[in-house]
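Commentary on secondary and tertiary structure
As a plain string of letters, each chain reads:
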Amino acid sequence: MTEAIRAGRILTMDPCRPEIRDAGLLVREGRILAVGSWKEVVGGGIPRDLGPVTLVPGLINAHTHLELSHLAGRVDMGQGFMAWADALFAAMRQGRPDDSAMDRAVLEAQASGTCCVADVVGRDFDLVRSVLRRR
């Protein structure tokens, strides 16, 4: 099913057309097929109006450590870098990464608009790769 999604405006990465007002997207199975004015895309799919929202390109997180996801909330903040690093390395020695924590981290990233990650993998490349392939 193809949807024609209407938005108040779309900010693009195209320097020739950085902003489109009364904008539209054609989307099929999670893939964007076309971006343009609402008049340009409305006939291409089932209409869906999001109202006066602004759509932006997906975010890129160029430095993630998914294999550390299982440590979320286990290291106290506000004690300075050395104390933080010591606590982080101590926590890392206590347990191995697990894919369920990485899955949650990836879903959280997606929910916040992140569409691409560049992961800095230290120990468990195959596990990180398998989690990202599932998503």
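Residues numbered from 1 in each chain as written. Predicted model: local features only at pLDDT ≥ 70, side-chain atom pairs only at ≥ 80, totals over all residues. Heavy atoms only, no water.

Quick notes on the packing of aromatic side chains
- In the structure shown here, the tally under the stated rule is one aromatic pair.
- Between the aromatic rings of Phe81 and Trp84, the centroid separation amounts to 5.7 Å while the plane-to-plane angle is 40°, which identifies the pairing as tilted. Taken as a pair, Phe81 and Trp84 lie in helix α2 (residues 81-94) at a separation of three residues, close to a single helical turn. (Phe/Tyr/Trp six-rings, centres within 6.5 Å; stacked < 30°, edge-to-face > 60°. Helix = DSSP H or I, 4+ residues; strand = E, 2+ residues; numbered from the N terminus.)

Points about the layout of surface pockets
- When its volume is computed, the largest pocket comes out at roughly 580 Å³.
- In terms of lining residues, the largest pocket is bounded by 21 residues, among which His65, Leu68, Ser69, Ala72 and Ala105 are the most central.
- Sort the elements by how many residues they give to the lining of the largest pocket and helix α3 (residues 99-111) lands first, with five residues.
- Residue composition of the lining of the largest pocket, grouped by class: twelve nonpolar, six polar and three charged.
- Of the pockets and cavities examined, the second largest pocket occupies roughly 430 Å³.
- Around the second largest pocket, the lining comprises 16 residues; the ones closest to its centre are Leu25, Ile32, Leu55, Val56 and Pro57.
- Elements with a contribution of two residues or more to the lining of the second largest pocket: β1 (2-11), β2 (19-28) and β3 (31-37).
- Considering only residue class, the lining of the second largest pocket consists of twelve nonpolar, two polar and two charged. (1 Å grid on protein atoms, 1.4 Å probe; cavity = no way out; pocket = protein on both sides within 12 Å on 5 of 7 lines; lining within 4 Å. Points joined across faces, edges and corners; volume = space filled by probe spheres on them. Nonpolar A, V, L, I, M, F, W, Y, C, P; charged D, E, K, R; others polar.)

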